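# Summary of structural features
The primary structure of each chain is shown beneath.
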Amino acid sequence: MPVRKANAQWQGDLKSGKGNMSLESGAYEGQFSFKTRFEEGTGTNPEELIGAAHAGCFSMQFSAMLAEEGHTPDSIQTEAKVHFSVSGTPTIERIELITRGKVPGMDASEFKDVAAKAKEACPVSRLYKGAEISLDAELDT
């Protein structure tokens, strides 16, 4: 069973401190801070990385399930909107998955049905089972 690693380092207090996050693979390394998470600043934040992971995982799961149904997609594009509330205790309240695909020979109803099944089967979606994860799926023609 593969184990994937990411690292974060933080220096200082919450408001004036700064940090760096990196992936073991070396594919990403970037800074984060109070401003990048709670305001607007240069760098990233955990919620963006969660969104990227969820969008990537869902797109792969959806593609696999479409192919199992006999419809190999030309493309699947997924955006994950991570809703992060900072009133009270900071909380990720929900994630919206918005996916569009080009899938030859498939109708819109079947596309939506497989998308819904993929949302439930996606390993990252299952990890976030306690969170509200919505899905908007449309077939591009």
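Our subject is the structure listed above.
One structure accompanies this document, and this report is about it. None of these values were measured; they are calculated from a predicted model.

## Considerations on the overall build of the protein chain
The number of helices and strands found in the protein chain is 4 helices and 6 strands. Counting helices and strands in the order they occur from the N terminus, the protein chain gives β-β-β-α-α-β-β-α-α-β. Along the first, second and third principal axes, the C-alpha set of the protein chain runs to 55 × 35 × 25 Å. Taking all 141 residues of the protein chain together, the buried fraction comes to 33%. In the protein chain, 50% of the contacts between residues at least 6 apart in sequence involve partners at least 24 apart. Roughly 8,800 Å² of accessible area belongs to the protein chain as shown, and the carbon and sulfur atoms make up 50% of that amount. Within the protein chain, the 21 negative side-chain charges are centred at a point lying 5 Å from the centre of the 15 positive side-chain charges.

Criteria and thresholds
Residues numbered from 1 in each chain as written. Predicted model: local features only at pLDDT ≥ 70, side-chain atom pairs only at ≥ 80, totals over all residues. Heavy atoms only, no water. Helix = DSSP H or I, 4+ residues; strand = E, 2+ residues; numbered from the N terminus. Buried < 20%, exposed > 50% of the residue type's maximum accessible area, 1.4 Å probe, protein only. Contact = heavy atoms within 4.5 Å. Areas by Shrake-Rupley, 256 points an atom, 1.4 Å probe, with all protein chains shown as cover. Lys, Arg positive; Asp, Glu negative; His and termini not counted. Charge placed at Lys NZ, Arg CZ, Asp CG, Glu CD.

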